[in-house]
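What follows is each chain in one-letter form.
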Amino acid sequence: MPPASTPGTDHAPAALPSSAPGGATIWLTGLPSAGKTTVALAAAELLRADGRAVEVLDGDEIRAFLSADLGFSREDRGKQVARVGWIARLLARNGVLAFAPLVSPYAADRDALKAGSKAEGLAFLEVYAAAPVEVCAHRDVKGLYAGQRTGAVSGLTGVDAPYEIPTAPDLVLRTHEESVAASASRLVGLLAERGLA
Ligand SMILES: Nc1ncnc2c1ncn2[C@@H]1O[C@H](COP(=O)(O)OS(=O)(=O)O)[C@@H](OP(=O)(O)O)[C@H]1O
Ligand SMILES: Nc1ncnc2c1ncn2[C@@H]1O[C@H](COP(=O)(O)OP(=O)(O)O)[C@@H](O)[C@H]1O
């Protein structure tokens, strides 16, 4: 009988045909309403039009299903980032460009994912959506900043919970100063530079 696999342990990387395009994790981090999801979806559309296999693992969507057990404590955010990172790596291993727009406020969590990808020889790009908190609070796509002001929301990243700015991101998107199309095009440009698009 074959040995039982250990729950939560990655299996050996699947061998890909040498002609398969390289997959990657494209990790977008930033404050709520910074533009992570919008840019990820726009870049994914450009890449799909070019025939690339692409997936967008939106933090909010994953929380509604796979991470319905998690809240926004330090520990739960760590679990959420690790789960989504695990799925992204699985996809990347199989030639997919996996976009992960997550707040992911803690550098150690992001760095752990980067190290995990590196250990497998998989590409991992950290993209920082750098809109400042004033702009994000003005956009307030989901009403969280207003909720924090009235006391309905607490532990909001960038307001009353920490956000650790990436110190060496692969790309900074000044999503408060450029259009969605420009941000998406710069992101696709980076992937092309790295031989991933
Ligand atoms: N307290 C608090 N802090 C931050 N974000 C909050 C919070 N409460 C709810 N939300 C909404 O949840 C989305 C963030 O989920 P993530 O999985 O990306 O967060 S994390 O990476 O685990 O920190 C985030 O989605 P985005 O706006 O797309 O970033 C918010 O809409
Ligand atoms: N350059 C830009 N990149 C991304 N979003 C932008 C940009 N300029 C304006 N926006 C707007 O900012 C909002 C960002 O929302 P969203 O993508 O949901 O943010 P996040 O996923 O970071 O919470 C959207 O309404 C979007 O149209």
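Residues numbered from 1 in each chain as written. Chains lettered and ligands numbered in written order. Predicted model: local features only at pLDDT ≥ 70, side-chain atom pairs only at ≥ 80, totals over all residues. Heavy atoms only, no water.

### Here we look at the packing of aromatic side chains
The condition is simple: Paired rings are identified among Phe, Tyr and Trp, the last through its six-membered ring, by centres lying within 6.5 Å, and are further divided according to the angle between planes into stacked (under 30 degrees), edge-to-face (over 60) and tilted (the rest). Secondary structure is summarised from DSSP: a helix means a run of H or I of at least four residues, a strand means a run of E of at least two, and numbering begins at the N terminus for each. Partly exposed describes any residue whose relative accessible area lies between the buried limit of under 20% and the exposed limit of over 50%, with all areas from a 1.4 Å probe on protein chains only and scaled to the type maximum. Charge-over-ring placement is defined geometrically: NZ (Lys) or CZ (Arg) within 6 Å of the ring centre, and within 35 degrees of the ring normal.
Per the counting criterion, the structure on display carries 2 aromatic pairs. Arranged with centres 6.3 Å apart and planes meeting at 20°, the rings of W27 and F124 form a pair that is stacked. A residue pair is termed long-range when its members are at least 10 positions apart, and W27 in strand β1 (residues 24–29) and F124 in strand β4 (residues 123–129) qualify at 97 residues. No difference in accessibility class separates W27 from F124, as the two residues are buried. Taking the centre distance of 6.0 Å and the plane angle of 15° together, the rings of Y128 and Y163 count as stacked. Taken together, the positions of Y128 in strand β4 and Y163 in the loop between α6 (144–150) and β5 (171–173) put the pair 35 residues apart, joining distant regions of the chain. The exposure classification of Y128 matches that of Y163, with both residues buried. A cation over a ring is seen here: R63 above F72, with NZ or CZ 3.8 Å from the ring centre. We note R74 situated over the ring of Y106; from NZ or CZ to the ring centre the distance is 3.8 Å.

### Considerations on the UniProt feature "binding site: ATP" (unreviewed entry) in the protein
Which entries qualify depends on this criterion: UniProt positions are given in the numbering used here, feature names are shortened, and annotations may be inferred rather than shown by experiment. We call two residues in contact when some of their heavy atoms are within 4.5 Å.
Per the UniProt record, "binding site: ATP" (unreviewed entry) is found at G30, L31, P32, S33, A34, G35, K36 and T37. Leaving out residues up to four positions away in the same chain, S33 has contacts with C136, R139, D140, V141 and Y145. The residue G35 is located in the loop between β1 and α1 (36–49) in this model.

### Some remarks on unusual backbone geometry
Phi at S104 is positive, roughly 35°, even though this residue is not glycine. Relative to the elements of secondary structure, S104 occurs in the loop between β3 (97–101) and α4 (107–119). For D140, which is not a glycine, the phi torsion comes out positive at approximately 40°. On the secondary structure map, D140 appears in the loop between α5 (133–139) and α6.

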